[in-house]
Amino acid sequence: MTTIFDVLIIGGGVTGCCIARTLSKYAINIAVLEKDADIASGTTKGNSGVVHAGYASSREYVRRNLCIRGNKLYTQANEELNFPFIRNGSFVVALEDKQIKYLEGERKRGIEDGISGLELILDKEKIRYMEPNLTDDVVGVLHAPTAGIVSPYELTFALAENAAMNGVSFFRNEKVKRISRQNYVFKVKTSSNEFKAHNIINAAGLYAAKISKMVGLDYFDIMPRKGEYILFDRNALHLNKILFPIPTKVSKGILVCPTIHGNTFVGPNAQNITDKKDIATTEAGLKEILDGGRMLVPNLPTRASIRNFAGLRAVPYNSISDKIGDFIIDNTDVYGFINVAGILSPGLTSCFAIAEKVEEFLKLLGLELKIKEDYNPIRPKPQRFKDFSKAELDEKIKEDPTWGRIICRCETIPEKEILDAIHAPVGARTVDGIKFRCRPGMGRCQGGFCRPRVIEILSRELYIPPEEVTKRGEYTSFLVGKTKDRFMEITEREELE
Amino acid sequence: MKSYKSDVVIIGSGAAGLASAIEIKKEDLSVLIIERDKELGGITLQCIHNGFGLKEFQEELTGPEYIQRFINQVLDLKIPYLLDTMVIEITKDKLVYAVNNEEGLIEIQAKAIILAMGCRERTRGAINIPGFRPAGIYTAGQAQRFVNIEGYLPGNSYVILGSGDIGMIMARRLTWEGCEVKAVVEILPYVSGLLRNQVQCLEDYDIPLITSYTVTKIHGKDRVQGVTISKVDRNFDRIIGSEKFIECDTLLLSVGLIPENELTLNAGADLSKNGGPIVDNNLETTIEGVFACGNVLQVHDLVDLVSAEAQRAGKNAIEYINTRYGNDIPSQGKIKCIAGDNVNYIKPDFINREDLSKDVIFTFRVNFPDRRVQIQIKDEENNVIYKRKKVYVIPSEMVELKINFDKLENKIESDSIVIEVIPRPEVLIEEDEVL
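Everything numeric here is computed off the predicted structure, so don't read it as measured data.

How each quantity is defined
- The residue numbers shown here count from 1 along each chain, following its written sequence.
- Labels follow written order: the first chain is A, the first ligand is 1, and so on.
- Where totals are concerned, whole chains, interfaces and linings use all residues; where local detail is concerned, this predicted model gives features only for residues with pLDDT of at least 70, and gives and counts side-chain atom pairs only at 80 or more.
- Working from all heavy atoms in the structure, the side-chain values ignore hydrogens and water.
- Numbering goes from the N terminus for both helices and strands, where a helix is a DSSP run of H or I of at least four residues and a strand is a run of E of at least two.
- Radius of gyration: over C-alpha atoms. The globule rule applied is 2.2 Å multiplied by the number of residues raised to the 0.38 power.
- A simple rule labels every residue: compare its accessible area, found with a 1.4 Å probe on the protein chains alone, to the largest value its type can have, and call it buried under 20%, exposed over 50%, or partly exposed in between.
- The contact criterion used throughout is that any non-hydrogen atoms of two residues lie within 4.5 Å.
- We get accessible surface area from the Shrake-Rupley algorithm with a probe of 1.4 Å; when it comes to residues, only the shown protein chains can shield them.
- Only four residue types enter the charge count: Lys and Arg as positive, Asp and Glu as negative, with His and the chain ends excluded.
- Note on charges: their place is set at NZ of Lys, CZ of Arg, CG of Asp or CD of Glu.
- Exposure above 30% relative accessible area and the lack of any salt bridge qualify a residue for a patch; like charges then connect within 9 Å, and the nonpolar side chains Val, Leu, Ile, Met, Phe, Trp and Tyr within 5 Å.
- By convention in these notes, a salt bridge is any Lys or Arg side-chain nitrogen within 4 Å of a carboxyl oxygen on Asp or Glu.
- In a helix, the anticipated span is given by 1.5 Å times the number of residues less one.
- Definition of nonpolar core: a set of buried residues of the types Ala, Val, Leu, Ile, Met, Phe, Trp, Tyr and Cys, connected through side-chain atoms within 4.5 Å.
- Here the term charged refers only to Asp, Glu, Lys and Arg, the term nonpolar to Ala, Val, Leu, Ile, Met, Phe, Trp, Tyr, Cys and Pro, and the term polar to all other amino acids, Gly among them.
- Paired strands, in this sense, are two strands between which DSSP finds at least two bridges.

S.K.: Explain the overall build of chain A here, please?
M.R.: Looking only at helices and strands, one finds 13 helices and 24 strands in chain A. In terms of overall size, chain A behaves like a compact globule, its C-alpha atoms giving a radius of gyration of 24 Å where 497 residues would be expected to give roughly 23 Å. With the principal axes as the frame, chain A shows a C-alpha extent of 80 × 60 × 50 Å. Relative to its 497 residues, chain A shows a buried fraction of 60%. A separation of at least 24 residues holds for 71% of the contacts in chain A among residues at least 6 apart in sequence. For chain A, the accessible area works out to roughly 20,400 Å², and carbon and sulfur atoms hold 51% of it. Each charge sign in chain A was given a centre, from 70 positive and 64 negative side chains, and these centres are 2 Å apart.

Right, here's the structure in full:
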């Protein structure tokens, strides 16, 4: 590739895409490289989807202020980008009297640092009114009304779509192999291409240390820490609030939480592992989170579970500060190379604040940041069948008949929404890509009905045979061949003989 | 928005929907069938194996052959139907809303509705198997659709979890396609599908059946590379140390079926423990004029039984329109039917007192297999008002009883009855004598 990008972002997770979108308002040339078949397929895909109020991190950590700032930035971003997000508020639940003191301390420090609305509620009746499913053992809660829930991957798709609308180039299936530099131009060699750039932003998530080492920066390491989840059917349980236990040293504990789409999940646990691809759930882990969740919501609908999954947190160890678990956001000694690494919780909340920081770094590096005249911050809200009134629906189907062909019955998704997902900027190329963009296969039948139809649509729209349609990229195809193929082979062989 | 009127709207055009539509049309009432797929026939179309029709037609047919006989009648009777049309809402006032890509939103005012939406398969999430989430995990019915309808193979080597009928039939089907079926793994100590399928689909093809085992881990990050199976004890807890690894690239799940009642629930009807709607002896749900039949009511073993139940639902809907519709006839009260010892669930859930002079058809399943049993019905005072001997009962075979309560010696006075399956009293005496 002959273009020299002003900024090359490595990693298409929420952090990378948020930086791309934030910078897309400037008249500079930006590209995002993603190693997987789709963006939002690493840590971004498997996390709690909670926008934290910001009281939970220690004041010694940079992530505390970024989280508090990031939370505030969600309001405007949501107005512009139209991703699924609400501020439903969170409870930290005290089950013993002695924990109240801890909650009071958190409240005080939170208010001092500018978190609005934090209140300690000790009136059990009021608590139960606000969240009827909460355990009877509750003695008090810390209520954070600014906390909310978001669909992390739909946020990322929104960011990427808006960035692409404003000229950012996205390259998927591009795994970075080697980085070299000549005359202040980085050369990034990937599995199939070479990219050139003046500045690199390393937002490679679990692999950020590996990328950093490619330019000779070896001051931190990323350790994967697994969290497992169980998701319940929408009809089974409805929660109002995000419910946290009193946090432990390593995590905020096992929460019970509504999703933005009306399901409920329980999780995550926290398990340090070594394999960065190990997103397997375990029997012990699933039991651990159910037991943990029952402490807060005793009547967890275990029979109505529709899926279990796991995600990996990118836990950093910074050998300069000797700290574990704080964000590493550095304008490094390698001129033009910015590390945005170790973005674990509350990274999702902080993404907009992190992007602001990167913006400042680029200014310091002397990049001219001039706002484009035609910059459009609005990513239109994806049209959803479910949001239409009956009259609107009738009109829509007349305009475009694909609105009238329902592909996923659990979530009521018509063909039109799937076509939109494929043809959007940075559109879906895989079955999972469609599932995460517009939800067919997310419901209680988990794709039993819609999967053959989704494969058919992808095959038709991408001009590929059905055998080449994959779940999430290379080696994950659904079909191995046509029926009778084997017999054809045998007959041919026999004929030859 | 297009508006239609029809005496009866039938949701679903599988074995249940078609049989009930034919009954209604024969009585000269107007009827409309709504089908979400591209053709009439429902899931039976992908069941290309034989074993259908022995009861209904006294001959052995394949699924498509069986359903075609009903489709032909529908065409002969000129029963109207909508294809590629999804019902999105039904109301208590019997308004049905549906969409398709030709007509847009459609509103149909019915006098009665028959629910015939069938069932869906339980998934991996429902049974919470830990491990990776690679490509290559399918429900047995999904694999059946790929192979029999679309003409594609979902994998090369298989492990099938669950010895339900579809699972065993797919084991044979895939073997015919030249694929390797490594094992059928069943958590229960016995096969959960029909005996004839165990013999004809597994034993005849030397496919290993591993009972009292279940899949406890799925291997493979991208595509399935194998599964770990473990032996389970009586409480279905895994026995540590019993793990075995089986290499395969595909896992098929045949772990049960659930009646598909989203529409029913949204309309405000109540469901019972088995996942089907609560019905009275007329197969009428808790919403007046809304009837249910086939697998949406309860999962059946044989399609013939579905057709028979649907014919009953059709007749009852006709009776409803001709007598009760628009007339406020006071109920004489209801008798609740309760599942007792070794009865998993019972249909109907209620009997109308005014219907005691009619034949009441009970259908139920047992919880565990037993031999030489007595099926009995007791009232609230523990008086046995009906009893019958049966040589054996197994969970995979639905039990059907036809009873006319007015013809029995003991009348039902109480507001509820209990149906139970107990060891025959005389068997106990024989054993005593042996001792």
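S.K.: Whenever I open this one, a positive patch on the surface confuses me. Can you help?
M.R.: Residue and element names in this part refer to chain A. Taken together, Lys175, Lys177, Lys210 and Lys277 make up a surface patch of like positive charges. In this structure, Lys175 sits in the loop between β9 (169–171) and β10 (176–182). Residue classification places Lys175 among the partly exposed positions, given a relative accessible area of 35%.

S.K.: Looking at this structure, how should I read helix α5 (residues 152–165) of chain A?
M.R.: Given 3.6 residues per helical turn, the α-helix brings residues three or four places apart onto the same face. All names here are of chain A. Helix length check: α5 (14 residues) gives 20 Å between terminal C-alpha atoms against 20 Å at 1.5 Å per residue, within 8%. Taken across its 14 residues, α5 has 12 buried, putting it largely inside the fold. Among the residues of α5, Pro152, Tyr153, Glu154, Leu155, Thr156, Phe157, Ala158, Leu159, Ala160, Glu161, Asn162 and Ala163 are the ones counted as buried. Against α1 (14–23), α2 (62–81), β8 (148–150), β9, α8 (347–364) and α11 (431–438) lie the buried residues of α5. Two residues or fewer after α5 comes Gly167, characterised by a positive phi angle close to 100 degrees.

S.K.: Mind showing me how you'd approach the nonpolar core here?
M.R.: Soluble globular proteins tend to bury their nonpolar side chains together. If you look at the biggest cluster of nonpolar residues, it comprises 61 residues, and the most contacted ones within it are Ile11, Ile24, Ile34, Ile90 and Leu115 of chain B. Apart from residues lying up to four places away in sequence, Ile90 of chain B is in contact with Ile11, Leu95, Val96, Ile113, Leu115, Leu263 and Ala267 of chain B.

S.K.: Please clarify how helix α4 (residues 140–150) of chain B should be interpreted in this entry.
M.R.: Within α4 of chain B, nine of the 11 residues are buried, which leaves the element mostly enclosed by the surrounding structure. Listing the buried residues of α4 of chain B in full gives Ala140, Gly141, Gln142, Ala143, Gln144, Arg145, Phe146, Val147 and Asn148 of chain B. Where the residues of α4 of chain B are buried, they touch α12 (451–461) of chain A together with β9 (119–121), β10 (137–139), β11 (152–153), α5 (165–176) and β18 (250–253) of chain B. Looking one or two residues beyond α4 of chain B, the residue adopting positive phi is Gly151 of chain B, at roughly 80 degrees.

S.K.: Would you explain the interface of chain A and chain B in this entry?
M.R.: When the parts come together, some accessible area is lost, and that loss is often what is quoted as the size of the interface. Counting residues at the interface gives 57 residues for chain A and 53 residues for chain B. Taken together, the links from chain A to chain B amount to six salt bridges. Between Asp37 of chain B and Arg453 of chain A there is a salt bridge, and its shortest N-O distance comes to 3.1 Å. Counting only elements with at least two residues in the side of chain A that touches chain B, the list comes to α7 (283–296), β18 (305–318), α9 (390–399), α12, β24 (481–482) and α13 (485–496) of chain A. No other element matches the six residues that β18 of chain A contributes to the side of chain A that touches chain B. Taken together, the residues of the side of chain A that touches chain B break down into 22 nonpolar, 14 polar and 21 charged. Pairing of β24 of chain A with β11 of chain B involves two bridges; the strand directions are antiparallel. Looking across to β11 of chain B, one finds that Lys482 of chain A is bridged to Tyr152 of chain B.

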